[in-house]
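An overview of the molecular structure
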Amino acid sequence: MFLSVKELEVRKIRFDETFAPGKIDFTEEDLEQSLSLHATGAAELVEESEAQIRIQGTYSVEMAAQCDRCLGRARFPLNAGFDLYYRPASDIAREEEVEIDEGDAEMGFYEGGGLELEDVLREQILLALPMQRVCSEACKGICPVCGKNRNETACDCHVQKIDDRWGALRNL
Ligand SMILES: [Zn+2]
Ligand SMILES: [Zn+2]
């Protein structure tokens, strides 16, 4: 869904969109969208600004990725709100310094005649995901000795920890 500045000059654009898995590409990030993405909100031009777009809304989705520890499937249900400001990229060239006076609001830039809602949502989803992708905080991972998934099978392997203090005592 394209949020065009021309249209925003005339009216506020409300959206209530559902994107089925596959509509937005996450393969580059090794991510999979496992449930439909639903987003509602509105886009408008900020008054007395030069084509500054404000997009407010909420979204819900479930993403999936490979667990960093056990290589199983890790699911990330996301449900969040956003309030974003975008300025035309041409502003950067015009002004030496870009003033951000919207407090804590995030500021982005757009090129051309507007923004794709899909790109806005994609960015929000990537920002919302944790750095470490694990299936659960308690994930035991893969045994470094026998290679079994320790969440599924308890193995008897002992990972030997060498404690130098005791070794030094024994050598006395
Ligand atoms: Zn795991
Ligand atoms: Zn093992």
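Refer to the structure printed above.
Let me sum up the structure you'll find in this document. (Residues numbered from 1 in each chain as written. Chains lettered and ligands numbered in written order. Predicted model: local features only at pLDDT ≥ 70, side-chain atom pairs only at ≥ 80, totals over all residues. Heavy atoms only, no water.)

1. What to know about the environment of Cys70
- One can find Cys70 in the loop between β5 (53-66) and β6 (73-88).
- For the pair Cys70 and Lys140, spaced 70 residues apart in the sequence, the C-alpha separation amounts to 7.3 Å.
- Every residue in contact with Cys70, bar those within four places of it in the chain, is listed here: Cys135, Cys139, Gly141, Ile142, Asn149 and Asn151. (Helix = DSSP H or I, 4+ residues; strand = E, 2+ residues; numbered from the N terminus. Contact = heavy atoms within 4.5 Å.)

2. Concerning the side chain of Ser34
- Turning to its location among the elements, Ser34 is positioned in the loop between β3 (32-33) and β4 (37-45).
- Among all residues touching Ser34, those that are not within four sequence positions of it are Pro21, Glu62, Met63, Ala64, Arg73 and Arg75.

3. Quick notes on helix α3 (residues 117-128)
- Between its terminal C-alpha atoms α3 stretches 17 Å, which fits the 16 Å expected from twelve residues at 1.5 Å a residue.
- Buried residues in α3 make contact with β1 (2-4), β2 (13-19), β4, β5, β6 and β8 (114-116). (Expected span 1.5 Å × (residues − 1).)

4. Some details on the pattern of salt bridges
- For the structure shown, the criterion picks out five salt bridges.
- The shortest N-O distance in the salt bridge between Arg122 and Glu29 comes to 2.8 Å. Of this pair, Arg122 sits in helix α3 while Glu29 sits in the loop between β2 and β3, and the two are 93 residues apart along the sequence.
- When the shortest N-O distance is used, the salt bridge between Arg75 and Glu62 registers 2.8 Å. (Salt bridge = Lys/Arg side-chain N within 4 Å of Asp/Glu carboxyl O.)

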